[in-house]
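# Survey of secondary and tertiary structure
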Amino acid sequence: MASSSSQNFQLLSKLSFIIFLFYLSSFASATLKVDFYKSSCPRAVAIIKNVVDKAVSRNPNVAAGLIRMHFHDCFVRGCDGSVLLKSTPGNPAEREHPANFPSLRGFKIINKAKAQLETVCPNTVSCADILAFTARDSAYKVGGINYAVLAGRRDGRVSIKEEANTLPPPTFNVEELINSFAQRGLSAAEMVTLSGAHSIGVAHCSTFSNRLYSFNATHSQDPSMDPKYAAFLKTKCPAGAASEQRTVALEFSTPNRLDNQYYVKLKNNRGLLSSDQTLLRSSSTSKMVLENAKQGSKWAVEFGKAMVKMGSIDVLIGSQGEIRRHCGFVN
């Protein structure tokens, strides 16, 4: 059984990569490209992958953090590494926003990769590109999802805490989610596909406790949630402020495996966040959820495509921005 599973894992990885090369041949533009650092820093991709592999081997939860960090970067000011910048006097940065702090993780991994790259190729590899590569390497490490990363992003010089208000919160319904993603050039199908990243990682009790104890005027508990699942969650997140910072897995059956079990759980009314379960309840997205629950390999390919497209949102190129020497500070 283990041997068969390993063979299927390898076959999916190879198939996904071949499909992505074909896909990128039509998607890539003059702005970003595959093998961007082939001449300027030939070891860049390997260095980043090595840092990610070691970090995720020690702590699998880091993979979810790195994928999420790339998402949070791209959805505010575009994919320019602004989420990595630290606050300066009088200017709180994005990373201080409640949507990012204290839940975002992986900053030390980004900094470690950057430090190694600066030793080998000074002033060459952007922090924004490091984010894109670490997200891909995380997806491959915990899900066998491989795709060619378009690179050539430059780093932004601005990070403003309030701008992270535009990140979609866990209370959004389908219409709000579709609109949020559409503003970034992503379709409803891509939104549903990228939501599958919630098959790994954790959420604080505070992000879904209203579904357990104070849903609305009619129901204290969200009636769309499987009662047994709700009872289980209450053991992890007792009522009261004391449990708000506790965390639970977004998906319990394979919490460290990036796969389509997220959609299977939605089908069984076991989505953790309101913004998860709403995908099944809406007629505009329910068929997509059911399709992804059936076809995990197809979802994996589409996930990679969607990550590539997301990673191209409002990028800085050419002489725009800069290549930061340290990801937490402008030069």
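Residues numbered from 1 in each chain as written. Predicted model: local features only at pLDDT ≥ 70, side-chain atom pairs only at ≥ 80, totals over all residues. Heavy atoms only, no water.

- Naming follows an unreviewed UniProt entry, where the protein appears as Peroxidase of Citrullus colocynthis.
- On record in UniProt, under Catalytic activity (unreviewed entry), the comment for the protein is "2 a phenolic donor + H2O2 = 2 a phenolic radical donor + 2 H2O".
- Per UniProt, the comment on the protein under Function (unreviewed entry) is "Removal of H(2)O(2), oxidation of toxic reductants, biosynthesis and degradation of lignin, suberization, auxin catabolism, response to environmental stresses such as wounding, pathogen attack and oxidative stress. These functions might be dependent on each isozyme/isoform in each plant tissue." (UniProt positions renumbered as here; feature names shortened; annotations may be inferred.)

## Some words on the UniProt feature "domain: Plant heme peroxidase family profile" (unreviewed entry) in the protein
- Those places that UniProt annotates as "domain: Plant heme peroxidase family profile" (unreviewed entry) correspond, in this numbering, to residues 31-331.
- Between the C-alpha atoms that bound residues 31-331 there is a distance of 23 Å. The span itself is 43% helix and 2% strand. (Helix = DSSP H or I, 4+ residues; strand = E, 2+ residues; numbered from the N terminus.)

## A word on the nonpolar core
- Judged by nonpolar contacts, the single largest core of 74 residues is most densely connected at Leu84, Leu258, Leu279, Phe303 and Met310.
- In contact with Leu84, other than residues within four places in its own chain, are Met69, Arg95, Phe107, Ile110, Cys127, Leu131, Arg324, Cys327 and Gly328.
- Within the second largest apolar cluster, 13 residues are counted, among which are Leu212, Cys237, Leu250 and Leu273. (Core = buried A, V, L, I, M, F, W, Y, C linked by side-chain atoms within 4.5 Å. Buried < 20%, exposed > 50% of the residue type's maximum accessible area, 1.4 Å probe, protein only. Contact = heavy atoms within 4.5 Å.)

## Points about the environment of Ser40
- By the element assignment, Ser40 lies in the loop between helix 1 (2-27) and helix 2 (44-58).
- For the pair Ser40 and Arg325, spaced 285 residues apart in sequence, the C-alpha separation works out to 16 Å.

## Regarding helix 11 (residues 274-281)
- Within helix 11, seven of the eight residues are buried, which leaves the element mostly enclosed by the surrounding structure.
- Considered for burial, the residues of helix 11 that qualify are Ser274, Ser275, Asp276, Gln277, Thr278, Leu279 and Leu280.
- In this structure, the buried side of helix 11 is in contact with helix 6 (174-182), helix 7 (188-195), helix 8 (210-213), helix 10 (261-267) and helix 12 (286-294).

## So, the side chain of Glu118
- In this fold, Glu118 is placed in helix 4 (residues 107-120).
- Overall, the relative accessible area of 16% leaves Glu118 in the buried class.

## Overview of unusual backbone geometry
- Here the bond from Phe101 into Pro102 is cis, since omega is 5°, no more than 30 degrees from zero.
- Within the secondary structure, Pro102 sits in the loop between helix 3 (61-74) and helix 4.
- Unusually for a residue other than glycine, Asn269 sits at a positive phi of about 60°.
- With respect to the helices and strands, Asn269 occurs in the loop between helix 10 and helix 11.

## Brief notes about the state of the cysteines
- The tally for this structure, following the rule as stated, stands at four disulfides.
- Shown here is the disulfide that connects Cys41 with Cys121, its sulfur atoms set 2.1 Å apart. Between Cys41 and Cys121, the S-S torsion sits near 85°, and that sign places the bridge as right-handed. Here Cys41, found in the loop between helix 1 and helix 2, pairs with Cys121, found in the loop between helix 4 and helix 5 (127-143); they are 80 residues apart in sequence, far enough to count as distant.
- Along the protein, the cysteines engaged in disulfide bonds are linked according to the scheme 1-4, 2-3, 5-8, 6-7 when indexed in sequence order. (Disulfide = S-S within 2.5 Å.)

## So, the side chain of Ser275
- Within the secondary structure layout, Ser275 lies in helix 11.
- Sequence-distant contacts of Ser275, that is, excluding residues within four places in its chain, are made with Pro169, Pro170, Phe172 and Leu177.

## What about the packing of helix 3 against helix 4?
- Running from N to C, helix 3 and helix 4 cross one another at 80°; their axes reach a closest spacing of 9 Å. What the angle tells us is that helix 3 and helix 4 run roughly perpendicular. Touching Val62, Leu66 and Met69 of helix 3 are Phe107, Ile109 and Ile110, all from helix 4.
- Taken together, the residues that form the contact of helix 3 with helix 4 break down as six nonpolar, no polar and no charged. (Axes fitted to C-alpha atoms, helices over the stretch in contact; angles between N-to-C directions. Parallel < 35°, antiparallel > 145°, perpendicular 65-115°, else oblique. Nonpolar A, V, L, I, M, F, W, Y, C, P; charged D, E, K, R; others polar.)

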